[in-house]
Amino acid sequence: LRLWPCRCRPLLSRPAAALRERRGLAAGPEMHFGFQTVTEEERREKIYQVFESVAEKYDVMNDSMTLGIHRVWKDILMHKMNPSPGTLLLDVAGGTGDIAFRFINYVRSVRERQLQRKLKHHQNLSWQEIFESYQKDKFNSLGDSQVVVCDINREMLKVGKQKAQHLGYSEGLSWVLGNAEELPFDDDKFDVYTIAFGIRNVTRIDLALQEAYRVLKPGGRFLCLEFSHVSNPLLSRLYDLYSFQVIPVLGEVIAGDWKSYQYLVESIRQFPPQEELKAMIEDAGFFKVDYENLNFGIVAIHSGFKL
């Protein structure tokens, strides 16, 4: 696993107090941590502790809570992105690597199809020429594509790196410790920015969206997969019943952590509904902003472009 070769701005390039002053952040304003009311600094610390606590069981709990459907949602996100070889992806709050690994698999598949078409159109090649062409492309299976996983939580990154090593992912993959509200990357750097089930846990969503806009190249795409709001009243009641009565119990049984999963359930209810988040993305400067509801709005994929 190699380090990301860019001129990254240091994570702590300015004193925290000066940064808060420049960004208009104060330690005092009250905000939600689930159904609790806390200060901004308290919320940031509590969310860090939540993901530090659940990191080891994060994937198992995702499968248990969603009955495995989260895998389908992430596959849909990848097909919506439809990355081509050479794409440079920044996946924020993606510590365990789910989006990064799908990206690598998708691009490899595209490259394989390209190679097959190339060889099919050169029927007059000798066996040796076909073999050499295949071997050459095999060693560049991503076509210069790269994915940078950026997460604020060291434990989540640790789990992701362990998974990558176990599953054999190394080419075109980098891991960076960083805050979505102050990304350690230059302007106009990436083709695509993704954040899957992460923006709900960002302390200042508006700042995270501004940073997403800043690091994308002109023409770059923003994609956000997040739990959202169910419009059907009956389904909404059933969903609430399952969320509040079952998910914290699963958290206790599987991860030994009731409180963290109680927070995750509550945080979904406090998250802006689809139209409100769409407006926030537009306010950050994105164009052609839309969203697609999945499973009646249990989750939604928001999309926007930097023009």
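Parameters and conventions
- Residues numbered from 1 in each chain as written.
- Predicted model: local features only at pLDDT ≥ 70, side-chain atom pairs only at ≥ 80, totals over all residues.
- Heavy atoms only, no water.
- UniProt positions renumbered as here; feature names shortened; annotations may be inferred.
- Helix = DSSP H or I, 4+ residues; strand = E, 2+ residues; numbered from the N terminus.
- Buried < 20%, exposed > 50% of the residue type's maximum accessible area, 1.4 Å probe, protein only.
- Contact = heavy atoms within 4.5 Å.
- Areas by Shrake-Rupley, 256 points an atom, 1.4 Å probe, with all protein chains shown as cover.
- Phe/Tyr/Trp six-rings, centres within 6.5 Å; stacked < 30°, edge-to-face > 60°.
- Lys NZ or Arg CZ within 6 Å of the ring centre and 35° of its normal.
- Pairing = 2+ DSSP bridges.
- Axes fitted to C-alpha atoms, helices over the stretch in contact; angles between N-to-C directions.
- Polar contact = N/O pair within 3.5 Å; in protein donor to acceptor, adjacent residues only side chain to side chain.

Under the annotation held in an unreviewed UniProt entry, the protein chain carries the name COQ5 protein and is attributed to Callaeas wilsoni. Here the protein chain is described in UniProt, under the heading Function (unreviewed entry), as follows: "Methyltransferase required for the conversion of 2-decaprenyl-6-methoxy-1,4-benzoquinol (DDMQH2) to 2-decaprenyl-3-methyl-6-methoxy-1,4-benzoquinol (DMQH2)." One UniProt comment on the protein chain, placed under Subunit (unreviewed entry), says "Component of a multi-subunit COQ enzyme complex, composed of at least COQ3, COQ4, COQ5, COQ6, COQ7 and COQ9. Interacts with PYURF; the interaction is direct, stabilizes COQ5 protein and associates PYURF with COQ enzyme complex."

Engineer: Even after reading the chapter, I still don't get the overall build of the protein chain, so can you show me in this structure?
Structural biologist: In terms of regular secondary structure, the protein chain is built from 12 helices and 9 strands. In the protein chain, which comprises 307 residues, the proportion classed as buried is 49%. By sequence separation, contacts in the protein chain at least 24 residues apart represent 76% of the contacts at least 6 residues apart. Counting only carbon and sulfur atoms, one obtains 55% of the accessible surface of the protein chain, whose full area is about 15,200 Å².

Engineer: Looking at this structure, how should I read the packing of aromatic side chains?
Structural biologist: Think of a pair of aromatic rings as described by two things: how far the centres are apart, and how the planes are tilted against each other in angle. A full pass over the atoms with the stated rule returns 8 aromatic pairs. With 5.5 Å between their ring centres and 25° between their planes, Tyr-193 and Phe-222 make a pair best called stacked. Of the two residues, Tyr-193 sits in strand β6 (residues 190-196) while Phe-222 sits in strand β7 (residues 216-227), which places them 29 residues apart along the sequence. Here Phe-222 falls in the buried class, since its relative accessible area comes to 1%. Note that Arg-269 overlies the ring of Tyr-239, its terminal NZ or CZ placed 4.8 Å from the centroid.

Engineer: Could you clarify how one ought to interpret the sheet that holds strand β8 (residues 287-294) in this entry?
Structural biologist: Read from one edge of the open sheet, 7 strands run β5-β4-β3-β6-β7-β9-β8, paired in mixed fashion. Of all the strands in the sheet, the pair left with one neighbour each is β5 (173-177) and β8. Here the average twist between neighbouring strands, direction ignored, is 15°. Taken together, the 7 bridges between β7 and strand β9 (residues 299-305) define a ladder with antiparallel strand orientation. Its bridge partner lying in β9, Cys-224 is registered against His-302.

Engineer: Looking at this structure, I do not really get the pairing of β6. What am I missing?
Structural biologist: For a regular strand, side chains alternate in direction, first toward one face of the sheet and then toward the other. Here β6 lies mainly inside the structure; 6 of its 7 residues are buried. Across 4 bridges, the pairing between strand β3 (residues 88-92) and β6 is parallel. The residue of β6 that forms the bridge with Val-92 is Ile-195. As judged from the 6 bridges shared by β6 and β7, these two strands associate in the parallel manner. Each residue of the ladder has a partner; that of Phe-190, found in β7, is Leu-216.

Engineer: Looking at this structure, I do not really get the side chain of His-302. What am I missing?
Structural biologist: Among the structural elements, His-302 can be located in strand β9. A polar contact is formed between the side chain of His-302 and the backbone oxygen of Gln-274, at a distance of 3.2 Å. Setting aside its immediate chain neighbours within four residues, His-302 contacts Phe-222, Leu-223, Cys-224, Gln-274, Leu-277, Lys-278, Ile-281, Asp-290 and Tyr-291.

Engineer: Whenever I open this one, the pairing of β3 confuses me. Can you help?
Structural biologist: In terms of burial, β3 is largely enclosed, as 5 of its 5 residues are buried. Of the pairings in the sheet, the one linking β3 to strand β4 (residues 146-151) comprises 5 bridges and is parallel in character. Residue pairing across strands places Leu-88 opposite Gln-146, the latter belonging to β4.

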